[in-house]
Amino acid sequence: DENVTVNHAASVVCETMGFDKGIDHVPGRLQEVKISYPSHEKAEKKLGFLPEWSFEKGVAAMADWVKTQKPQRFKYFKSVEIENKMPITWKNKSL
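Cut-offs and rules
All residue numbers here refer to positions counted from 1 along the written sequence of the relevant chain. With pLDDT at 70 or above as the cut-off, local features in this predicted model cover only qualifying residues; side-chain atom pairs require 80 or more to be listed or tallied, and sums for whole chains, interfaces and linings still use all residues. Excluding hydrogens and water, the side-chain figures rest on all heavy atoms present in the structure. Each helix corresponds to a stretch of at least 4 residues labelled H or I by DSSP, and each strand to a stretch of at least 2 residues labelled E; elements are numbered beginning at the N terminus. In a helix, the anticipated span is given by 1.5 Å times the number of residues less one. Think of each axis as a best-fit line through the C-alpha atoms, taken over the contacting stretch in the case of a helix, with angles from 0 to 180 degrees between the N-to-C directions. With respect to orientation, any angle under 35 degrees is reported as roughly parallel, any angle over 145 as roughly antiparallel, any angle of 65 to 115 as roughly perpendicular, and every other angle as oblique. Note on convention: the crossing is left-handed when the near helix lies turned anticlockwise from the far helix by less than a right angle, right-handed when the turn is clockwise. Contacts were defined at the residue level, with two residues in contact if any of their heavy atoms lie within 4.5 Å. Polarity classes work like this: nonpolar for Ala, Val, Leu, Ile, Met, Phe, Trp, Tyr, Cys and Pro, charged for Asp, Glu, Lys and Arg, and polar for all others, with Gly in that last group. Each salt bridge in this description consists of a side-chain nitrogen of Lys or Arg and a carboxyl oxygen of Asp or Glu lying within 4 Å of one another. Residue exposure (1.4 Å probe, protein chains only): buried if accessible area is under 20% of the type maximum, exposed if over 50%, otherwise partly exposed. Two rings from Phe, Tyr or Trp (for Trp, the six-membered ring) form a pair when their centres are within 6.5 Å of each other. A pair whose planes differ by under 30 degrees is stacked, one over 60 is edge-to-face, and the rest are tilted. Of the grid points, spaced at 1 Å and generated over the protein atoms alone, those admitting a 1.4 Å probe that cannot get out make up cavities, while open sets with protein on both sides within 12 Å along at least five of seven lines make up pockets; any residue with an atom within 4 Å of a point is treated as lining. Grid points are joined across faces, edges and corners, and a volume is the space filled by probe spheres set on the points.

Q: In this structure, what is going on with helix α1 (residues 6-17)? I would like to understand it.
A: Since one α-helical turn is 3.6 residues long, residues separated by three or four positions face the same way. Here α1 spans 16 Å end to end across 12 residues, near enough to the 16 Å set by a 1.5 Å rise per residue. Just past α1, the residue Gly18 takes up positive phi, approximately 75°.

Q: Explanation requested: the packing of α1 against helix α3 (residues 55-66) in the structure shown.
A: Packed helices, taken two at a time, are described by the angle between their axes plus the distance between the axes. It is at 10 Å that the axes of α1 and α3 come closest, and there the two elements cross at 40°. The angle between α1 and α3 places the two elements in the oblique class. Considering how the two elements wind past one another, α1 and α3 form a crossing that is right-handed. Note on element contacts: α3 touches α1 through Phe55, Glu56, Val59, Ala60, Ala63 and Val66, opposite His8, Ala9, Val12, Val13, Thr16 and Met17. The residue inventory of the contact of α1 with α3, partitioned by class, reads nine nonpolar, two polar and one charged.

Q: For this particular structure, what's the right way to read the pattern of salt bridges?
A: Oppositely charged side chains can form a pair if their charged atoms are brought close together. One pass over the structure, following the stated rule, counts two salt bridges. Measuring nitrogen to oxygen at the nearest pair gives 4.0 Å for the salt bridge that ties Lys21 to Asp20. For Lys21, a relative accessible area of 67% puts it in the exposed group. Owing to a relative accessible area of 63%, Asp20 belongs among the exposed residues under this scheme. The residue Lys45 makes a salt bridge to Glu41 at a minimum N-O spacing of 3.1 Å. Taken as a pair, Lys45 and Glu41 lie in helix α2 (residues 41-47) at a separation of four residues, close to a single helical turn. According to the relative accessible area criterion, Lys45 is exposed, its value standing at 65%.

Q: Even after reading the chapter, I still don't get the packing of aromatic side chains, so can you show me in this structure?
A: Here a ring pair, both rings aromatic, is described through the centre-centre distance and the interplanar angle of the planes. One pass over the structure, following the stated rule, counts one aromatic pair. Where Phe74 meets Tyr76, the ring centres are 4.8 Å apart and the plane angle is 85°; that geometry is what we call edge-to-face.

Q: How should the layout of surface pockets be read in this particular structure?
A: The probe, sized like a water molecule, is rolled over the atoms to show the empty space still left. If you add up the space inside the largest pocket, you get close to 660 Å³. What lines the largest pocket is a set of 21 residues, among which Thr5, Val6, Asn7, Val33 and Lys34 lie closest to the centre. Along the lines of polarity and charge, the residues of the lining of the largest pocket split into 10 nonpolar, six polar and five charged.

This is how it looks when you write it as structure tokens:
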């Protein structure tokens, strides 16, 4: 398993998609998980699954697929279970 920081993930996605406008860093929300160490251990034990691709290769495959898709209009969810601390742009539907 490889640990990927949010900063690294954002950098890889931006680079792969050809986005060069920079990354906006904003304060984290209080309820956000600060550090997580995901593992494939359970999937390996129960399903015999082992990842074959690196994070970067997976992002590249996703980017290839995204580039084949047509733009779509943004759609809000019809209902949201938890509105507590929801971003204001979602709450006010101002996107």
